[in-house]
Amino acid sequence: MAFDLDGVRRVVGRLLEDKLEAWRDSAGRSDDALDESTGKLVPPRPDEVLVWDGLGAVMPLGRPAITTPLGGAVAPVPPTTDYQAVVPVEAPELRPDDVIRVAGSVRPKGPRDPQLVGRRFRVSDAAVGTYSVVRIVRVQVID
């Protein structure tokens, strides 16, 4: 018997008020060029492709990170970031090093956190949780 999740989607949909974009560097660092004067790898421009845009939410992390160390035991460890992104389960699976950009907000009274609009976050952990209607990924501020 299948569960009807339409009610859950409507409730959770009200929380997904940020316009998000997910960008991916499909070639990774393999197409970066060495700048001999600085000794740093420089990515070509443009280097990222848009893999998804839609409604989601970037919000402060509300609980400690959970990781599975050797032996399969689950242990709480300090989180490596202060934010998490919530995207609909229909969004493509995000990978570590993907970039999430907060492009705007559809919230009637303005963004939940106006300082997040325009900011970019690097996906640091794509396996925080997948639920019936949303996927949660841990992100780090990159600018």
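Definitions and cut-offs
- Residues numbered from 1 in each chain as written.
- Predicted model: local features only at pLDDT ≥ 70, side-chain atom pairs only at ≥ 80, totals over all residues.
- Heavy atoms only, no water.
- Helix = DSSP H or I, 4+ residues; strand = E, 2+ residues; numbered from the N terminus.
- Buried < 20%, exposed > 50% of the residue type's maximum accessible area, 1.4 Å probe, protein only.
- Areas by Shrake-Rupley, 256 points an atom, 1.4 Å probe, with all protein chains shown as cover.
- Salt bridge = Lys/Arg side-chain N within 4 Å of Asp/Glu carboxyl O.
- Pairing = 2+ DSSP bridges.
- Axes fitted to C-alpha atoms, helices over the stretch in contact; angles between N-to-C directions.
- Contact = heavy atoms within 4.5 Å.
- Phe/Tyr/Trp six-rings, centres within 6.5 Å; stacked < 30°, edge-to-face > 60°.
- pLDDT = per-residue confidence, 0-100.

### Describing the overall build of the protein chain
Next up, step 1: When you go through the protein chain residue by residue, the secondary structure sums to one helix and ten strands.
Next up, step 2: Of the regular secondary structure in the protein chain, the N- to C-terminal order runs α-β-β-β-β-β-β-β-β-β-β.
Next up, step 3: Counting every position in the protein chain, which comprises 143 residues, the buried fraction comes to 31%.
Next up, step 4: When the accessible surface of the protein chain is summed, it comes to about 9,100 Å², and 56% of that surface belongs to carbon and sulfur atoms.

### Re the pattern of salt bridges
Next up, step 1: Per the counting criterion, the structure on display carries six salt bridges.
Next up, step 2: With its nearest N and O atoms 3.7 Å apart, the salt bridge here joins E48 to R120. Linking E48 in the loop between β3 (40–42) and β4 (49–60) with R120 in strand β9 (residues 120–130), this pair joins segments that are 72 residues apart in sequence.
Next up, step 3: Exposure remark for R120: the relative accessible area of 27% places this residue in the partly exposed category.
Next up, step 4: With a shortest N-O distance of 2.9 Å, R138 and D125 are connected by a salt bridge. Here D125 lies in strand β9 and R138 lies in strand β10 (residues 134–141), a separation of 13 residues in the sequence.

### What to know about the sheet that holds strand β1 (residues 18–24)
Next up, step 1: Pairing is antiparallel around the closed barrel formed by six strands, whose spatial order is β1-β4-β7-β10-β9-β8. The average undirected angle you get between the axes of adjacent strands in this sheet is 45°.
Next up, step 2: With three bridges connecting them, strand β8 (residues 99–105) and β9 associate as antiparallel partners. Bridge pairing in β9 places V99 opposite R122.

### Observations concerning the side chain of D18
Next up, step 1: Among the secondary structure elements, D18 is positioned in strand β1.
Next up, step 2: Accessibility expressed as a relative area gives 6% for D18, which makes it buried.
Next up, step 3: Among all residues touching D18, those that are not within four sequence positions of it are G54, L55, G56, A57, V58, V102, G104, S105 and R112.

### Section: the environment of I100
Next up, step 1: Positionally, I100 belongs in strand β8.
Next up, step 2: Looking at I100, the relative accessible area reads 0%, which means it is buried.
Next up, step 3: Not counting residues within four places of it along the chain, the set of residues in contact with I100 comprises L20, E21, A85, L94, R119, R120, F121 and V123.

### Focus on the pairing of β10
Next up, step 1: The buried fraction of β10 amounts to six of the eight residues, a majority that puts the element mostly inside the structure.
Next up, step 2: Following β9, the chain reverses through three residues before pairing antiparallel with β10.

### Here we look at the packing of aromatic side chains
Next up, step 1: Overall, the coordinates contain one aromatic pair when judged by the stated rule.
Next up, step 2: Plain terms: the ring middles of Y83 and F121 are 5.4 Å apart, the flat faces sit at 65° to each other, and that makes the pair edge-to-face. On the criterion of sequence distance, the pair formed by Y83 in strand β7 (residues 83–88) and F121 in strand β9 is long-range, its members being 38 residues apart.
Next up, step 3: Among the residues examined, Y83 registers a relative accessible area of 18% and is labelled buried.
Next up, step 4: Overall, the relative accessible area of 0% leaves F121 in the buried class.

### What about the confidence of the model for the protein chain?
Low pLDDT marks regions whose predicted coordinates should not be analysed in detail.
Next up, step 1: Taken over all residues, the pLDDT of the protein chain has a mean of 78, while the share at 70 or more is 73%.
Next up, step 2: Across the protein chain, the element-wise mean pLDDT spans from 48 in strand β5 (residues 65–67) up to 93 in β1.

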